[in-house]
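# Fold and contact review
Now for the letters of each chain:
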Amino acid sequence: QVQVVESGGGLVQAGGSLKLSCTASERTFSNFPVGWFRQAPGKEREFVSRISGSGSNPYYADSVKGRFTTSRDNAKNTVYLQMNSLKPEDTAVYYCACALRPGVVVRLTDYDYWGQGTQVTVSS
């Protein structure tokens, strides 16, 4: 099984930026679509973004489109989520997840392996 670990969370002021990283335990990670999800207290886990194994055709939730960018460096087994213009409503635990099948985008159940999450807190 693939193990993934998120990092880069923290406390940031509204309007600021953070860059999250998701690093996998093995190079086969480069073949997997990777999604970012987030979960705020008392809320269901929510889709944020998705990137293909090749890095093409990233897909974003409407709530983050234009502010967040996902990319990957397969040589480093790492996927990134660059978050700009952060808002207090972006506060959540952010999770990285990879899928073993192509074509997955927004459904949580389509992803097979999940990281432990990293906290992002945006102050007003």
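Check the entry above for the structure.
My aim in this report is to walk through the structure given alongside it, one point at a time.

Cut-offs and rules
- All residue numbers here refer to positions counted from 1 along the written sequence of the relevant chain.
- Reporting of local features is limited, given that this is a predicted model, to residues whose pLDDT is at least 70; pairs of side-chain atoms are given and counted only at 80 or more, and all residues count toward the totals for whole chains, interfaces and linings.
- Processing note: side-chain calculations cover all non-hydrogen atoms of the structure and skip hydrogens and water entirely.
- Here the nonpolar core consists of buried residues drawn from Ala, Val, Leu, Ile, Met, Phe, Trp, Tyr and Cys, with membership extended through side-chain atoms lying within 4.5 Å.
- To sort residues, take the accessible area from a 1.4 Å probe on protein chains only and compare it with the maximum for the residue type: under 20% means buried, over 50% means exposed, and anything in between is partly exposed.
- By the criteria applied, helices consist of DSSP H or I runs no shorter than four residues and strands consist of E runs no shorter than two, each listed in order from the N terminus.
- Two strands make a pair as long as DSSP finds a minimum of two bridges between them.
- Each reported salt bridge corresponds to a side-chain nitrogen of Lys or Arg within 4 Å of a carboxyl oxygen of Asp or Glu.
- Side-chain rings of Phe, Tyr and Trp, where Trp is taken by its six-membered ring, are said to pair if the distance between their centres is within 6.5 Å; with planes under 30 degrees apart they count as stacked, over 60 as edge-to-face, and otherwise as tilted.
- A 3.5 Å cut-off defines polar contacts: any pair of N or O atoms within that distance qualifies, except that in protein one atom must be a possible hydrogen donor and the other a possible acceptor, and neighbouring residues in sequence count only when both atoms are side-chain atoms.
- Residue contacts are counted whenever heavy atoms from the two residues lie within 4.5 Å of one another.

In this section: the nonpolar core. The biggest cluster of nonpolar side chains holds 34 residues, and the ones touching the most others in it are Phe29, Met83 and Tyr94. Of all the secondary structure elements, the ones that give two or more residues to this core are β3 (18-24), β4 (34-39), β5 (46-51), β8 (78-83), β9 (92-98) and β11 (118-123).

Time to look at the pairing of β5. Extensive coverage of β5 is indicated by the burial of 5 of its 6 residues. Relative to β5, β4 is paired through 5 bridges, and the arrangement is antiparallel. Paired with Val34 across the strands is Ile51, a residue of β5.

Counted according to the given criterion, the structure contains 5 salt bridges. A salt bridge links Arg38 to Glu46, with the shortest nitrogen-to-oxygen separation between them at 3.0 Å. The class of Glu46 is partly exposed, set by a relative accessible area of 34%. Linked by salt bridges that have partners in common, Arg38, Glu46, Arg67 and Asp90 make up one network.

Another point: the packing of aromatic side chains. Remark: the centre distance and the inter-plane angle together describe each pair of aromatic rings, the angle taken between the planes. Within the structure shown, the criterion is met by 6 aromatic pairs. Ring geometry for Phe37 against Phe47: centres 5.7 Å apart, planes inclined by 75°, an arrangement best described as edge-to-face. Of the two residues, Phe37 sits in strand β4 while Phe47 sits in strand β5, which places them 10 residues apart along the sequence. With respect to burial, Phe37 and Phe47 carry one shared label: buried. Measuring from centroid to centroid gives 6.3 Å for Tyr111 and Trp114, while their planes differ by 65°, and the two rings are edge-to-face. The class of Trp114 is partly exposed, set by a relative accessible area of 28%.

So, on to the side chain of Ser52. Take Ser52: it is sitting in the loop between β5 and β6 (59-60). Since its relative accessible area comes to 11%, Ser52 is described here as buried. A polar contact of 2.9 Å, which involves the side chain of Ser52, links it to the backbone oxygen of Ser56. Residues within four places of Ser52 in sequence aside, it is in contact with Phe32, Pro33 and Arg72.

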